[in-house]
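Notes for the structure review
This is what each chain is made of:
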Amino acid sequence: MALIGPKESSTAVVIGGCLQMLNVLGISASATSRELSSHTYNHLYRTVPSDIFRAKAMADIIEHFKWSYIAAVGGDDSYGRNGLWSLDKEAATRNSFCVAMTEFIPNEGRILSIRNIVTTLRRRENIRVVILWLYGSYKKYFFSEVKRQNLTGRVWILSDEFPSNSYPDSSSLDGIIIVQPHSFPDVDFKNIKKL
């Protein structure tokens, strides 16, 4: 018996503990939280690298463009927290840029939280680069609020794909860089020859 899934890191953390207790193996194709690299989750295997590598790639981009003052926003879950903590660790190690603002969006009251974060970003005009470690509806609501408040003049570095359906006029955004693992086309396992 084995489990295929889950998709999200926050769910994988919960299910990974259950897999360990039940002595059942699982595989996730998209859970990236560095927390899942712990021995606590040695029954859960991933097909994608940990977010530590994504944070390193973001730090490389920040250093390449000589950006020195950035903001970081993540979901208040395993994916967002561990992603931003990895980025903070890179900033401390490299000492070439400052994460001047770090905010976590809670699940409860997220719309108000997002509104307040975007308002703060509008006031802090010296922050020109914003890292978003968000997925799904968090990102959708965030960009809807960015549009509503007409927040411009920022470069956005995203940890996941851009939600094109949530921001119909992306041309008004000054720049978007997406850092995500390389995706391979679907594999047809039925046609793979046995060795």
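Description of the structure in this document. Small disclaimer: the values here were computed from a predicted structure and weren't measured.

What follows concerns the packing of helix α4 (residues 110–123) against helix α5 (residues 136–148). Pairs of packed helices are described in terms of their axes, by the angle between the two and the distance that separates them. At a closest axis distance of 9 Å, the pairing of α4 and α5 adopts a crossing angle of 45°. One element, α4, and the other, α5, form an angle in the oblique class. α5 is crossed by α4, and the crossing has right-handed handedness. For the pair α4 and α5, the contacting residues are R110, I111, I114, R115, I117, V118 and L121 in the first and S137, Y138, Y141, F142, E145, V146 and R148 in the second. Across the contact of α4 with α5, the residue classes break down as nine nonpolar, one polar and four charged.

Take the environment of K139 next. On the secondary structure map, K139 appears in helix α5. Using a relative accessible area of 3% as the deciding quantity, one classes K139 as buried. Sequence separation between K139 and D160 is 21 residues; the distance between their C-alpha atoms is 9.4 Å.

Each value, and the rule that gives it
- Residues numbered from 1 in each chain as written.
- Predicted model: local features only at pLDDT ≥ 70, side-chain atom pairs only at ≥ 80, totals over all residues.
- Heavy atoms only, no water.
- Axes fitted to C-alpha atoms, helices over the stretch in contact; angles between N-to-C directions.
- Helix = DSSP H or I, 4+ residues; strand = E, 2+ residues; numbered from the N terminus.
- Parallel < 35°, antiparallel > 145°, perpendicular 65-115°, else oblique.
- Left-handed = near helix turned anticlockwise from the far one by under 90°.
- Contact = heavy atoms within 4.5 Å.
- Nonpolar A, V, L, I, M, F, W, Y, C, P; charged D, E, K, R; others polar.
- Buried < 20%, exposed > 50% of the residue type's maximum accessible area, 1.4 Å probe, protein only.

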